[in-house]
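Summary of structural features
Single-letter residue listing:
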Amino acid sequence: MTQFALFAILLIVVVAAFILPPLWLGLRAPKPKADRKEANLAIFRDQLTELEREKDNGTLADSDFEQAKRELQRRLLEEVEPAAAEATVPASHGPSRKTAIALLLLLPILGLLGYGILGNPRALDPAQTVAKPQMTPEQINGMVAKLAERMQANPDDLKGWLMLARSYKTMGRYEDAATAYGKAEKLVNEDPDLLAAYAETIAMARGEGLKGKPMQLVEKALKLDPKHGHSLFLAGAGAMEAGDNKKGIAYWEALLLQVEPGSEIDQMLRNGIDKMKAGG
């Protein structure tokens, strides 16, 4: 708030320095300039003298001289008439101190109003700018526990079970996560992302790799989306575990087309493919 206030005051002072003096004191009359009419007349005389010199030297015919002279006169009239009109425009006006006072009062009000409409007024509140403390593990555990209690009271809330499953998985509670995924299996079976996550969670919970139900879930995911990246990765890993290197190579070569060349996952897949080819 202090920095904003100082910046706003400085801005108002700078703007006022430019706007208020002319209004308070009145615009001064401009300094007298060279008379445009006299300047045009001097140019006309010079050009006319040059034409007469050319006529006397025989380089300009009488008819051409008269035509050029008329053209000079016409141009002189065109220049002199606007200059005379400009001379009638007033060069100054008197001071407008009421306007100056009004602007001085309105500038800060309009500034705050504009900031309120276009800016972020909450940023002026120190309480809003203080970084909020991160949640402690105890608080996270408490929230997950409350969610688990709610799910026991509402077992038909499939989305709630998915939320609980993700929470457990993030916390490393893979057995609990697998159980929660199972409660929402109706939703899981419709989404390749959820099928792959469920398969991975079961494998982590059992510690026996991807054989059995995890591979069944992965195959179901690939039927829904044959190019699903997570499922292709798990399928390749499961095939490698089962010694089916031909399938593993096919799964991971399909996945290679989706990853950034030279990335860490690209290198890992290529190393795995090479090992399977060498063992196959």
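Cut-offs applied
- Each chain carries its own residue numbering, running from 1 in the direction its sequence is written.
- Whole-chain, interface and lining totals are the exception, using all residues; otherwise, since this is a predicted model, local features are given only for residues with pLDDT of at least 70 and side-chain atom pairs are given and counted only at 80 or more.
- The side-chain numbers reported here are obtained from all heavy atoms of the structure, hydrogens and water having been left aside.
- Helical segments are the DSSP runs of H or I of at least four residues, strand segments are the runs of E of at least two, and each set is numbered from the N terminus.
- Here's how the labels work: a residue is buried when its accessible area is under 20% of the maximum for its type, exposed when over 50%, partly exposed in between, all with a 1.4 Å probe on protein chains only.
- Should any heavy atoms of two residues lie within 4.5 Å, those residues are considered in contact.
- Residue count minus one, scaled by 1.5 Å, sets the expected span of a helix.
- To be clear, the arc concerns the directions from the helix axis to the C-beta atoms.
- Salt bridges are identified by distance alone: a Lys or Arg side-chain nitrogen within 4 Å of an Asp or Glu carboxyl oxygen.
- Summary of the metric used: pLDDT quantifies the predictor's per-residue confidence within the range 0 to 100.
- As used in this record, nonpolar core signifies buried Ala, Val, Leu, Ile, Met, Phe, Trp, Tyr and Cys residues forming a set joined through side-chain atoms within 4.5 Å.
- Patches here are clusters of residues that have more than 30% relative accessible area and form no salt bridge, with a 9 Å joining cutoff for like charges and a 5 Å cutoff for nonpolar side chains (Val, Leu, Ile, Met, Phe, Trp, Tyr).
- In these tables, accessible area is a Shrake-Rupley quantity obtained with a 1.4 Å probe, and a residue counts as shielded only by the protein chains included in the view.
- Aromatic rings from Phe, Tyr and Trp, with only the six-membered ring used for Trp, were paired whenever their centres fell within 6.5 Å, and each pair was classed as stacked if the ring planes differed by under 30 degrees, edge-to-face if by over 60, and tilted otherwise.
- Lysine and arginine charges are scored as sitting over a ring when NZ or CZ, respectively, is within 6 Å of the ring centre and within 35 degrees of the ring normal.

A closer look at the overall build of the protein chain
A tally of regular secondary structure across the protein chain gives 14 helices and zero strands. Going from N to C terminus, the protein chain has its helices and strands arranged as α-α-α-α-α-α-α-α-α-α-α-α-α-α. Going through the 280 residues of the protein chain one by one, you find that 26% of them count as buried. Relative to all contacts within the protein chain whose residues are 6 or more apart in sequence, the contacts with residues 24 or more apart total 49%.

Comments concerning helix α11 (residues 213–224)
In a regular helix each residue adds 1.5 Å, so twelve residues correspond to 16 Å; α11 covers 17 Å between its end C-alpha atoms and thus fits that length. For α11, the full list of buried residues reads Pro 214, Met 215, Leu 217, Val 218, Ala 221 and Leu 222. Angularly, the buried residues of α11 cover 160° about the axis, an arc narrow enough to put them on a single face. Opposite the buried face of α11, by more than 90 degrees, sit the exposed residues Gln 216 and Lys 223.

Concerning the environment of Gly 279
Locating Gly 279 in the fold gives a position in helix α14 (residues 264–279). Taking the C-alpha atoms as reference points, Gly 279 and Gly 243, separated by 36 residues in sequence, lie 9.0 Å from one another.

Observations concerning the pattern of salt bridges
One pass over the full model with this rule turns up five salt bridges. Here Lys 213 makes a salt bridge to Glu 185, at a shortest N to O gap of 3.6 Å. Taken together, the positions of Lys 213 in helix α11 and Glu 185 in helix α9 (residues 185–188) put the pair 28 residues apart, joining distant regions of the chain. Residue classification places Lys 213 among the partly exposed residues on the basis of a relative accessible area of 28%.

Considerations on the confidence of the model for the protein chain
A residue-level look at the protein chain finds 60% of positions with pLDDT of 70 or above and a mean pLDDT of 77. The element-level mean pLDDT for the protein chain is lowest in helix α5 (residues 126–129), coming to 56, with α11 highest at 96.

Some points on the nonpolar core
Within the largest apolar cluster, 43 residues are counted, with the highest numbers of intra-cluster contacts made by Leu 164, Tyr 168, Tyr 181, Val 188, Tyr 251 and Trp 252. Discounting residues that sit within four places of it in the chain, Tyr 181 has contacts with Leu 162, Ala 165, Arg 166, Lys 169, Val 188, Ala 197, Tyr 198 and Thr 201.

Some remarks on a nonpolar patch on the surface
Together, Met 135, Ile 140, Met 143 and Met 171 give the surface a local cluster of nonpolar side chains, amounting to about 350 Å² of exposed area. Position of Met 171 relative to the elements: it lies in helix α7 (residues 158–171).

Remarks on the packing of aromatic side chains
Each aromatic ring pair is characterised by the separation of its centres together with the angle its planes make. Evaluation of the coordinates by the stated rule reveals two aromatic pairs. Its end group placed over the ring of Trp 161, Lys 183 keeps NZ or CZ at 5.8 Å from the ring centre.

Digging into helix α6 (residues 137–153)
Two residues of an α-helix separated by three or four positions point the same way, owing to the 3.6 residues in each turn. With 17 residues, α6 should reach 24 Å at 1.5 Å per residue; the first-to-last C-alpha distance of 25 Å fits that figure. Among all positions in α6, only Val 144, Leu 147, Ala 148 and Met 151 are buried. Each buried residue of α6 sits inside an arc of 100° when the element is viewed along its axis, so together they form one side. For α6, the exposed residues set more than 90 degrees away from the buried face come down to Glu 138, Lys 146, Glu 149, Gln 152 and Ala 153. In the core, the buried residues of α6 are packed alongside α7.

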